[in-house]
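# Structural description and commentary
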Amino acid sequence: MFGVALTVLKNVLSHLPLRQHCAYPQIVALLRNKRAHGFPCIIGILLLLPDPGRATMPGIVPKPVSMMEGKGVFLLTPDTAIDADPASQETVRRLKEALAPATGFEFASPKGANSIEIRKDPSAADLGDEGYELNVTPAKIVIRSSGEAGQFYALQTLLQLLPPAIYSKQPQEHLCWSIPSVQIKDQPRFPWRGLLLDEVRHFTGKETVIRIFDFMASHKLNVLHWHLTDDQGWRLEIKKYPLLTEIGSRRLNSPVLGNPSLSDGTPYAGYFTQDDIRQIVSYAADRFITIVPEIEMPGHAAAALTAYPQYGNTDLPNYRPEVQTSWGVHPYVYAPKEETFTFLEDILQEVIELFPAEYIHIGGDEVPPDQWKSSAFAQQVMTAHKFTTTAQLESWFVNRIEKFLNSKGRKLIGWDDVMGGNLSHTAGVMVWHSFQYADPALKNGNSIVLTPLEHLFLDLYQADIKSVPQPIAADGLNSLETVYAFSPIPAGATTEQIKLVLGIQGNVWTENVEDWLKVQYQLLPRACAVAEIGWTPQDARDFGDFEARLGYDLQRLDSMGLEYYGKTPEGSPYRWSSVNIKSESSAIDWPITGWMVTGPLPGAGHWQVVPGEWNVHFTCQSGHALIIEKVEMLENGKAIASDEHHAAAGPGYDNNEFRLNISDVNPSSKYTLRAWVHGLGGTDSNGYITVSPPNR
């Protein structure tokens, strides 16, 4: 029987380029296994072989403009050759750097059984600088574009066609790196496909920004709007004015997450050095991401004026600016005097030297008129220019700054509040209040970026907090479907006005977003929807189709090591994985403050922790069992409740309830859940924790 089976098997294999197939080592191992025999052996081996006529098409996000599926698959192997013209060598470098960590392949073969061909092709100019053609057959992958950016985005699509594990930073053994045959012709809908990260309220640092760039690049997002200055801190080193960071980056305390009327009593500081900025800008540029810095003026200036008070309205009674320790709008604005403009132009000069972006964002929003109304000097300026309102003074201020930026070859962009007076036609406007603010900007001839609060503020809740547990967020609701439903072209816009729509942007403000973990939960997966809004034509978008593709995309986020809302059934970050588990006892911490809403709902204030019995349950999803030894609740790092007994989570183990009785809480304290655990028979355990606070 075995001889007959082997003969049949050889006949099958003789018609396949098996040595080029990633299953070849496994097939050889089966044949050499003396225990393998007969038709079961054949069946086991054939299951490893691809069906050349069938391939599963992964969900691509954002959806390409045009895609036609073919037959068969391209098998990426160590012998795959990369063939590129001299103008495409940077793309080759990027491709090798993207593929090598997970595959372990060096792609050094000058000739292979199959190849990846990369060409700059002037005939593809109709697709624009960021457009591309990607054709995959079993024998060859061909990438064509008129420019390097288009090649880069073709690579991002190519990576999404591979198994999600391609994004892993660790070698992935025994995986078949197959790419389904397909013809794609693609280009973006808008040139501005952005996200905003606020560094002022909470400073997340260099590593966070770099991780965001990795996600952005993979989803063809190309602008980071970086909010670096405000009343609560100044986060950018300016060499000529060192006190901006020595003094302006520090505040005495911050509001308590979830209960902003209380102080946490902890000093807060942090800023980027200019060396940090250069590294970050370079990293972004290599991924075709532009960083648009926001340097707030004329309002939101308390931190800067704390460092250099002479540039404020010094003639006011009790003038004493301080870095603000609460959120919201504060009264300190720059004084409209010549030395102030010199100060701001000096700052902007250094900003221009650090950031090559076409646009510099100056904020321009929420400028309280009180100080200008009360300042005798400001009133003199208004009289001299025959201004009757502070809105006119603000426009004059903004226009002066714009002239300086224009003289340096840059453009000004501000929030839609800058439309309050006589705004220059050449300034950009970022529409955030609501869609209706786009109309006057377009009629004035201003280019616009759409980022309305009711669709694209990603610091709001993602589901109804009354029915779905979520980490504490800004009041309001922007679900994934709400974000995706946004259509960027204003109703009634003319053909010429549509040309003024630069694109869209999702915003992560950080009043309730304290660290990288929370950034991920607020950003993802809603930023995937933002990416599709910015790239895919309106008539090709469908939420049901997007949801289906998103299921595959979430696997990519998993391989990237990213967290996202909905990753656990509880919508929380209470997970463990093989990264956390050791064979001996070790502790894992999870945040409670900022993540558990256990008191009044939004609008009436939050409480993160309440007294009573908290229940903690461990659910193993894969791998070996987890042994839990002890669970604690920490208050400012000190254990205040503990349940110590051995229990297991894993196949056949589910009885592992831990109870923490908390008698008293301090609303200003920080609470953390800690578990002491180890693996049973292995350290590859993965799972999640259900944390049930006392019923209130």
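Residues numbered from 1 in each chain as written. Predicted model: local features only at pLDDT ≥ 70, side-chain atom pairs only at ≥ 80, totals over all residues. Heavy atoms only, no water.

On to the overall build of the protein chain. Counting its regular elements, the protein chain contains 20 helices and 28 strands. Relative to the globule expectation of 26 Å for 696 residues, the C-alpha radius of gyration of the protein chain, 29 Å, shows essentially globular dimensions. Taking the principal axes of the C-alpha coordinates as reference, the protein chain spans close to 105 × 70 × 45 Å. The buried share of the protein chain, taken over its 696 residues, is 57%. Within the protein chain, contacts between residues at least 6 apart in sequence are counted, and of these 73% link residues at least 24 apart. (Helix = DSSP H or I, 4+ residues; strand = E, 2+ residues; numbered from the N terminus. Rg over C-alpha atoms; globule rule 2.2 N^0.38 Å. Buried < 20%, exposed > 50% of the residue type's maximum accessible area, 1.4 Å probe, protein only. Contact = heavy atoms within 4.5 Å.)

Orientation of helix α6 (residues 206-218) relative to helix α18 (residues 516-523), taken along the N-to-C sense of each, is 25°, at an axis distance of 10 Å. Here α18 runs roughly parallel to α6, going by the angle between their axes. With respect to the hand of their crossing, α6 and α18 are arranged in right-handed fashion. Seen from α6, the contacting residues are T208, R211 and I212; seen from α18, they are W516, V519 and L523. Here the residues of the contact of α6 with α18 are counted per class, giving four nonpolar, one polar and one charged. (Axes fitted to C-alpha atoms, helices over the stretch in contact; angles between N-to-C directions. Parallel < 35°, antiparallel > 145°, perpendicular 65-115°, else oblique. Left-handed = near helix turned anticlockwise from the far one by under 90°. Nonpolar A, V, L, I, M, F, W, Y, C, P; charged D, E, K, R; others polar.)

To continue, consider the environment of P188. Mapping P188 onto the fold places it in the loop between β6 (178-186) and β7 (192-198). Overall, the relative accessible area of 18% leaves P188 in the buried class. Spatially, the C-alpha atom of P188 lies 46 Å from that of G650, the residues being 462 residues apart in sequence. What P188 contacts, discounting residues up to four positions off in sequence, is E130, G131, R193 and W535.

The next point concerns the pairing of strand β27 (residues 671-680). Counting buried residues in β27 gives seven out of ten residues, a clear majority hidden from the surface. The sheet contact formed by strand β22 (residues 586-591) and β27 spans six bridges and is antiparallel. Considered in β27, the bridge of I588 is made with A675. Alignment of strand β24 (residues 625-635) against β27, held across ten bridges, turns out to be antiparallel. (Pairing = 2+ DSSP bridges.)

Two elements, strand β2 (residues 81-84) and strand β3 (residues 115-120), share four bridges in a ladder whose sense is parallel. Note on β3: the bridge partner recorded for I82 is I116. Handedness of the crossover is the feature at issue here: the chain leaves β2, passes through helix α4 (residues 89-103), returns alongside β3, and the resulting connection is left-handed. Summarising the sheet, β3 and strand β5 (residues 140-145) pair through six bridges and their orientation is parallel. (Right-handed = clockwise from strand over helix to strand, strands pointing away.)

Further remarks concern the pattern of salt bridges. Opposite charge on two side chains permits them to pair, given that their charged atoms come into close proximity. Summed over all chains, the structure comprises 35 salt bridges. The residue D286 makes a salt bridge to R94 at a minimum N-O spacing of 3.0 Å. With D286 in the loop between α8 (274-285) and β13 (290-297) and R94 in helix α4, this residue pair connects regions lying 192 residues apart in the sequence. In this pair, the class of D286 matches that of R94, namely buried. In this structure, D545 engages R549 in a salt bridge whose closest nitrogen and oxygen atoms are separated by 3.0 Å. In this pair, D545 and R549 are both assigned in helix α20 (residues 543-559), four residues apart and thus about one turn of the helix distant. On the accessibility criterion, D545 (26% relative accessible area) is partly exposed. (Salt bridge = Lys/Arg side-chain N within 4 Å of Asp/Glu carboxyl O.)

Let's shift gears to α18. Since there are 3.6 residues in each turn of an α-helix, residues three or four apart along the chain are aligned in direction. Most of α18 sits out of view: seven of its eight residues are buried. Residues W516, K518, V519, Q520, Y521, Q522 and L523 constitute the buried set of α18.

A word on the environment of P651. Topologically, P651 is positioned in the loop between β25 (638-649) and β26 (658-662). Separated by 215 residues in sequence, P651 and Q436 place their C-alpha atoms 56 Å apart.

Enumeration over the complete set of coordinates arrives at 30 aromatic pairs. Both rings, one in Y311 and one in F343, keep their centres 4.2 Å apart while their planes meet at 15°; by these two values the pair is stacked. Within this pair, whereas Y311 is found in the loop between α9 (302-307) and α10 (338-354), its partner F343 is found in helix α10, the two being separated by 32 residues in sequence. By the burial criterion, Y311 is buried, and F343 matches it. With a centroid separation of 5.9 Å and an interplanar angle of 50°, the aromatic rings of W576 and F618 are classed as tilted. Placement of the pair is W576 in strand β21 (residues 575-576) and F618 in strand β23 (residues 612-622), with a sequence separation of 42 residues. Of the two residues examined, W576 and F618, each falls in the buried class. (Phe/Tyr/Trp six-rings, centres within 6.5 Å; stacked < 30°, edge-to-face > 60°.)

So, on to unusual backbone geometry. Across the junction of M297 and P298, the peptide omega takes the value -5°, indicating a cis bond. Looking at the secondary structure, you find P298 in the loop between β13 and α9. In this model, L524 is joined to P525 through a cis peptide bond whose omega is 5°. Notably, H300 is not glycine yet its phi reads approximately 50°, a positive angle. Within the secondary structure, H300 is located in the loop between β13 and α9. Relative accessible area serves as the criterion here: at 5%, H300 is assigned to the buried category.

Turning our eyes to something else, we now look at the side chain of Q497. Residue placement: Q497 occurs in helix α17 (residues 495-498). Beyond its immediate sequence surroundings of up to four residues, Q497 is in contact with L442, K443 and G492.

Across its 18 residues, helix α13 (residues 390-407) extends 26 Å between first and last C-alpha, which sits within 8% of the 26 Å expected from 1.5 Å per residue. Restricting attention to buried positions, one finds in α13 the residues T390, L393, E394, S395, W396, F397, V398, N399, I401, E402, F404 and L405. For α13, the elements touching its buried residues are β13, α10, β14 (359-363), α11 (370-374), α12 (376-384) and β15 (411-415). Positive phi shows up at G409, right after α13, with a value of about 80°. (Expected span 1.5 Å × (residues − 1).)

In this section: the sheet that holds β21. By definition, the strands of a sheet pair up through backbone hydrogen bonds, in either a parallel or an antiparallel sense. Taken in spatial order, the four strands of this open sheet run β21-β28-β23-β26, and their pairing is antiparallel. At either margin of the open sheet sits one strand with a lone partner, and together these are β21 and β26. Across five bridges, the pairing between β23 and β26 is antiparallel. The residue of β26 that forms the bridge with V616 is F658.

So, to be careful, I would describe these as geometric facts and stop short of saying anything about function.
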